[in-house]
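# Architecture and fold: a report
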Amino acid sequence: MAEAADFQGTSPSPAHRWLRRTGALLAGAPLLAGLLQLSSSPAAHAAETASVAAASGSRTVDVSLDSLSPSAPTDGDTVTVSGSITNKGKQTVTGAHVGLRVGPSLSGRVAIDDAAERTGFQPGLDPLEVGGKYVQKFSALPAGVSQRFSISVPVKELDLGSDGVYQLGVSLSGQTSAEPWEHVLGIERTFLPWQPAAADTRTKTAYLWPLISTVHLSAETGSDAQQTPVFQNDELAEEIAPGGRLDQLLTLGGDLDVTWVLDPDLLASVDAMTGSYRIQDGDTTTAGKNQSVAKAWLDKLEKTVSGKEVVALPFADPDVASLAHRGKNVADSLNHLKDATAVASDTVDTIIHVKPETDFAWPVNGAVDPSIVQVATSAGAHKVIARSDSLRETGDLTYTPSAARPIGGGTTAVVSDYRLSTEFQGDMAKADSSTLAVQEFLAQALALNLQEPNHQRSIVVAPQRMPSVSQAQAMATAVKALQGGNWSDAQGLSAAAKAKPDPDATTSIRPVSSYPRALKNQELKRSDFEKIQTTQHTLDRFKVILTDRSRVVTPFGRAIDRGMSTSWRGRAAQGETFRDGVDTYLNNLTGLVKLIDKSDAKLSGRSATIPVTVQNNLVQGVHHLVLRLTSKQPTRLQIGNAAYSEQRIQVAGEHSQSVKFTTSSKANGPVTVTAQLFTEDGQAYGPDVPFEVKVTEITPTVMLVIGGGVLLLVLAGFRMYTQRKRAAARQAEEAQENAPDAEGGTGTEATSVQGVNGVNGVNKDAAGTVDTVEDTERSKDGPDGDSTTEPGADAPEQPSDPAPDTAPESTDPSGTGERVDR
């Protein structure tokens, strides 16, 4: 049952391993006791001392196994083992040699686990040396000194038996001054998979090859027509440059039969680098210079994946588990996952001209629970890539079942093998580590096939999302050896998902409480999803006023997807900074459409107009906006015919527009007026702009006083006019009486003649025109007189009257770009 449980994907427990080892030691105890009782001779005593010394000193020398070739030998091959030995003790090792030790075949996958965990040399458990000429000798190995070794042995000399996995030990034996007898001072163990002939039934293995990176693009774009993208840093250029991580993954994967798993955001980011782009540098940006590198990588990718199976994850690889545990109850969060899934296929197809599969969800480390499955399927994924440590077998299976498991609702869990998937997660930079990982991977794969040699199974290997260069190199070595071996055939992920499930394999998803705590501690927080929700709401209000929504909706929609990326796990602070940056930048853009602050105004008279200016500093026009002007005291000042008035707004890019509202006053005094922009659906847009209007209306009483004053002025003028007229008449009479007659006549005659010529009020000019005396007098008063204003005329405008601050003007909106007073 212990072996069966291991086959089902669980890693052996420490207690299980302790029992196995304790049992082995107890079984060997009688044998050791008998050997000790065989002789009491000095030679026997020396042997006993040597055995004890060997067990205690087997870690004196570090043995590093740097290469083993071929990894999976067949008949006629020669196995070459190379590495180094390093004396970590304080004494020189003399009479040393390195030799190979091949033990019996291991019985199953648990036995491989146990052998991999053993460290020191254990007499009776470790096999004898191959010996003979297949050793390399060293006369002396001083303390702290390292030496290289390389041993080649024909496979026929290794005495390998039937097909199986054999433990291969590389040991150094020698002596020191403190222990002057030959004994094992260091040992390293690995595995030798032995399948010289093609297996009758081969395991079908789908290996996922991920091309995924962290988030590199910011939400910011240039205001030019091309919307020049802005990158957070230039790390992506380093990854895709020759020798970089993504370049190495592409090169290595090109020689393998694997399923490519792509993040569309990676392709979109590299594609953005093929044109003009900029890189954030503190508060400024600098021009990017890696266009040729980006073009070369995309061309290489397109050629490499042509004709291969390609799976596209949702855009930016959203963290499905975080959504399920922390974000699904935050409004719109699941919609973001759907949007990210919807754009994945088109993104990949547009950039590298490959139609990918988009029906797969890949939670972090393949850890699933019912809520994760529910969220994944809600976005349209009907196949969830899980891992066998998340779907533990509960039955009596004695072998590892196929990957496909129907888990209800039309959903298939594609269960990757835990051991094979996690083999290369460690530090593979050292040759020793990568060699051991490759050999253990091949050993586990062969052991899996030998479990049920007549029952073909479909296995999936899902490694870490973003392997390093050294991890990718080790993975490529292992997959190449596996695909060139005699017990496994390559297949695609889709084929594995469609394979016939094992009827006895578990289909039960473990509860939410079983989700690994270490993974849960790395999840995005609810507050992260709430920040995303806030950004989305701002975007929704903003986009309705834009004449070209794609310039804003597309980049910010993708930026929101990036805010939910799985790549933020373990980088919570960077993720929070990114989301805050997206929100801040969007708010800055929305603030470019605003009302100009207005100073207080003075309104004289019953009615006038108040201008309000809307400024648009975006490069595109805005429409579907409504400007509302509201009086806080409509009993004193009305806007239009009510407390407020509205006008629709449309402003071209980088222009402003003045809108005029008609007002009418009812009483004197200050009134607070508020200008506010709204979207057409009634949502407030931006802050309101309050200002004060001082109403100084002219009342009827004031009008009566002014009218009375004007009337008095008119009467006074008329009186002055009549007085002057009478005075002029008297002067004329006196002049006539005193004037002598032209012919010597008397004054009476003169008076008679004068009366004929007009003294009695009638003058006649040469044309016979007759003027009245009053007309003549008015002409005499002429422009210099004070009585030119006729009685009853309107009073003139007085210089002391205040000029209105807001004059009666047309209510039509001013032209675009009109300069207005603020």
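Conventions adopted
Residues numbered from 1 in each chain as written. Predicted model: local features only at pLDDT ≥ 70, side-chain atom pairs only at ≥ 80, totals over all residues. Heavy atoms only, no water. Helix = DSSP H or I, 4+ residues; strand = E, 2+ residues; numbered from the N terminus. Buried < 20%, exposed > 50% of the residue type's maximum accessible area, 1.4 Å probe, protein only. Pairing = 2+ DSSP bridges. Axes fitted to C-alpha atoms, helices over the stretch in contact; angles between N-to-C directions. Contact = heavy atoms within 4.5 Å. Phe/Tyr/Trp six-rings, centres within 6.5 Å; stacked < 30°, edge-to-face > 60°. Lys NZ or Arg CZ within 6 Å of the ring centre and 35° of its normal. Core = buried A, V, L, I, M, F, W, Y, C linked by side-chain atoms within 4.5 Å. Polar contact = N/O pair within 3.5 Å; in protein donor to acceptor, adjacent residues only side chain to side chain. Patch = residues over 30% accessible without salt bridge, like charges linked within 9 Å, V, L, I, M, F, W, Y side chains within 5 Å. Areas by Shrake-Rupley, 256 points an atom, 1.4 Å probe, with all protein chains shown as cover. Salt bridge = Lys/Arg side-chain N within 4 Å of Asp/Glu carboxyl O. pLDDT = per-residue confidence, 0-100. Parallel < 35°, antiparallel > 145°, perpendicular 65-115°, else oblique. Left-handed = near helix turned anticlockwise from the far one by under 90°. Nonpolar A, V, L, I, M, F, W, Y, C, P; charged D, E, K, R; others polar.

### Describing unusual backbone geometry
Most peptide bonds adopt trans geometry, and most residues besides glycine take a negative phi value. Here the residue pair S69 and P70 is connected by a cis peptide bond, since its omega of -5 degrees sits within 30 degrees of zero. Mapped onto the elements of the fold, P70 is located in the loop between β1 (61-69) and β2 (78-87). Residue N365 is not a glycine yet carries a positive backbone phi of 60 degrees. One can find N365 in the loop between β15 (360-361) and α11 (370-378). Relative accessible area serves as the criterion here: at 36%, N365 is assigned to the partly exposed category.

### So, the pairing of strand β12 (residues 278-281)
As judged from the two bridges shared by strand β10 (residues 229-231) and β12, these two strands associate in the parallel manner. Looking across to β12, one finds that V230 is bridged to R278. Taken together, the four bridges between β12 and strand β13 (residues 284-287) define a ladder with antiparallel strand orientation. Looking at the pairing, I279 lines up with T286 of β13. Here β12 folds back onto β13 in antiparallel fashion, the turn holding two residues, of which G282 has a positive phi close to 70 degrees.

### Some remarks on the sheet that holds strand β7 (residues 183-194)
Pairing between sheet strands relies on hydrogen bonds along the backbone, with the strands arranged either parallel or antiparallel. With respect to topology, four strands assemble into an open sheet ordered β4-β3-β6-β7, the strand pairing being antiparallel. Looking at strand neighbours, the two that pair on one side only are β4 (135-141) and β7, the edges of this open sheet. Sheet twist, expressed as the average angle between the axes of neighbouring strands with direction ignored, equals 25 degrees. Bridge analysis of strand β3 (residues 93-106) against β4 gives six bridges, and the strand direction is antiparallel. For H97, the partnering residue across the bridge sits in β4 and is K137. Against the sheet, helix α4 (residues 109-117) contacts β3, β6 (164-175) and β7, and its axis sits at roughly 150 degrees relative to β7. Set on the sheet, helix α13 (residues 431-451) makes contact with β6 and β7; between it and β7 the angle comes to about 45 degrees.

### Things to note about the packing of aromatic side chains
Summed over all chains, the structure comprises six aromatic pairs. Here the aromatic rings of F231 and Y277 are separated by 5.2 Å at their centres, their planes lie at 70 degrees, and the arrangement is edge-to-face. In this pair, F231 sits in strand β10 while Y277 sits in the loop between α7 (264-273) and β12, placing the two residues 46 residues apart along the sequence. Neither F231 nor Y277 differs from the other in exposure class; each is buried. On the numbers, 5.5 Å between centres and 45 degrees between planes, the contact of F424 with F441 is tilted. Here the residue F424 occupies a position in the loop between α12 (418-422) and α13, and F441 occupies one in helix α13, the gap between them amounting to 17 residues. The same class applies to F424 as to F441, namely buried. Each residue in the set Y207, W209, F424 and F441 is aromatic and connected to the rest through ring pairs, giving one cluster. Of note, R628 hangs over the ring of F678, and the distance from its end group to the ring centre comes to 4.4 Å.

### Points about the nonpolar core
One finds F542, F556, L627, L629 and V693 to be the most contacted residues of the largest nonpolar core, which totals 73 residues. I351, L420, A478 and V479 belong to the second largest nonpolar core, which has 67 residues in total.

### Considerations on the side chain of D317
Locating D317 in the fold gives a position in the loop between β14 (310-312) and α9 (320-327). Classification of D317 by relative accessible area gives buried; the value is 5%. One polar contact links D317 to R465, side chain to side chain, over a distance of 2.7 Å.

### Quick word on a nonpolar patch on the surface
Together, L711, L712 and L715 give the surface a local cluster of nonpolar side chains, amounting to about 320 Å² of exposed area. For L712, the location among the structural elements is in helix α20 (residues 700-738). Looking at L712, the relative accessible area reads 59%, which means it is exposed.

### Some details on the sheet that holds strand β27 (residues 655-665)
An order of β21-β23-β27-β25 is seen for the four strands of this open sheet, with the pairing classed as antiparallel. The sheet terminates laterally at β21 (593-595) and β25 (637-639), the two strands that pair on one side only. The mean inter-strand angle of the sheet, taken between neighbouring strand axes irrespective of direction, is 30 degrees. With three bridges joining them, β25 and β27 adopt antiparallel strand pairing. By the bridge assignment for β27, Q638 is matched with S664.

### Some thoughts on the confidence of the model for the protein
The predicted model of the protein has a mean per-residue pLDDT of 83, with 81% of residues at 70 or higher. Here residues 1-56 is a poorly scored stretch, pLDDT under 50, and it has 58 contacts once near neighbours within four places are set aside; other chains count. Note that residues 741-822 has pLDDT below 50 and, in this model, 75 contacts with residues that lie over four places away or in other chains.

### With respect to the packing of α4 against α13
Between two packed helices, what matters for the description is the angle formed by their axes and the separation of those axes. It is at 9 Å that the axes of α4 and α13 come closest, and there the two elements cross at 160 degrees. Judged by the angle between their axes, α4 and α13 are roughly antiparallel. Note on packing geometry: the crossing formed by α4 with α13 is right-handed. Here α4 contributes R109, I112, D113 and A116 to the contact with α13, which in turn contributes E440, A443, Q444, A447, L448 and Q451. Taken together, the residues of the contact of α4 with α13 sort by class into five nonpolar, two polar and three charged.

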